[in-house]
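Report on the structure
What follows is each chain in one-letter form.
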Amino acid sequence: MRGYAVLAGSYAGATALFALGFRKSGRTLPSRIPPWDLLLLSAATYKASRLLAKDKITALVRAPFTRRKEAISASEVMDEPRGHGLRLAVGELLACPFCLAAWVGTSLVCGYAVAPRATRLAATGLSAVTLSDWLQYAWSITQERAEG
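Below: a short report on this structure. (Residues numbered from 1 in each chain as written. Predicted model: local features only at pLDDT ≥ 70, side-chain atom pairs only at ≥ 80, totals over all residues. Heavy atoms only, no water.)

**Here's the deal with the side chain of S49**
For clarity, the threshold we go by: Where helices and strands are cited, they refer to DSSP runs of H or I of at least four residues and of E of at least two residues respectively, numbered from the N terminus. Relative accessibility under 20% of the residue-type maximum defines a buried residue, over 50% an exposed one, and the middle range a partly exposed one, all with a 1.4 Å probe and only protein chains included. Distance and chemistry together define a polar contact, namely a pair of N or O atoms within 3.5 Å, with one atom able to donate a hydrogen and the other to accept it when in protein, and with adjacent residues in sequence counting only for side-chain atoms on both sides. Residue contacts follow a heavy-atom distance rule, with two residues in contact if any of their heavy atoms lie within 4.5 Å.
Residue placement: S49 occurs in helix α2 (residues 35-54). S49 gets classed as buried once you look at its relative accessible area, which sits at 1%. At 3.4 Å, the side chain of S49 and the backbone nitrogen of A101 are in polar contact. Excluding residues that lie within four positions of it along the chain, S49 makes contacts with P97, L100, A101 and V104.

**Describing the nonpolar core**
Quick reminder of the rule: Only buried residues count toward a nonpolar core. Its members are Ala, Val, Leu, Ile, Met, Phe, Trp, Tyr and Cys residues joined through side-chain atoms within 4.5 Å.
In this structure, L40, L41, A44, A48, V104, L108, Y112 and A123 together form the largest nonpolar core, which totals eight residues. Only α2 and α5 (97-114) provide two or more residues apiece to this core. A total of four residues in this core trace back to one element, the largest contributor, which is α2.

**Topic: the packing of aromatic side chains**
Condition: Ring pairs shown here join Phe, Tyr and Trp side chains whose ring centres sit within 6.5 Å, with only the six-membered ring taken for Trp; geometry is labelled stacked below 30 degrees between planes, edge-to-face above 60, and tilted in between.
As enumerated under the stated definition, the model contains three aromatic pairs in all. On the numbers, 6.4 Å between centres and 45° between planes, the contact of Y46 with W134 is tilted. Of this pair, Y46 sits in helix α2 while W134 sits in helix α6 (residues 116-147); the two residues are 88 residues apart in sequence, bridging distant segments of the chain.

What follows is the structure, encoded as structure tokens:
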């Protein structure tokens, strides 16, 4: 449980440091996030989390904490955590897109508070890749049905 405590403490600590720094900067938080920006940030969170947890190319980030279990569809992989303590906890975080989503989403929202235009731009790129993925799957399904 110590590894999980370290991760939870790191998340809480980083979030608290951001909040403190933001407050000291004298900036004000947005009074609301427009629905379009929420959708953009959500799609970007989905894609960034999935890229970090499942993409073959980002395996180098996960490698110290996970081992390859199997390759799955669309150039994605299934990695399993290895080790014990903090190493295992980090491996579980890095192998789980649902787990990473809280960290990625928080990072994007913090970015949005500090630099909304730059964050929207980055989120737009990730969201475009998300939409492209969905279109690729739709094309594959359509092609399979057409070919019988």
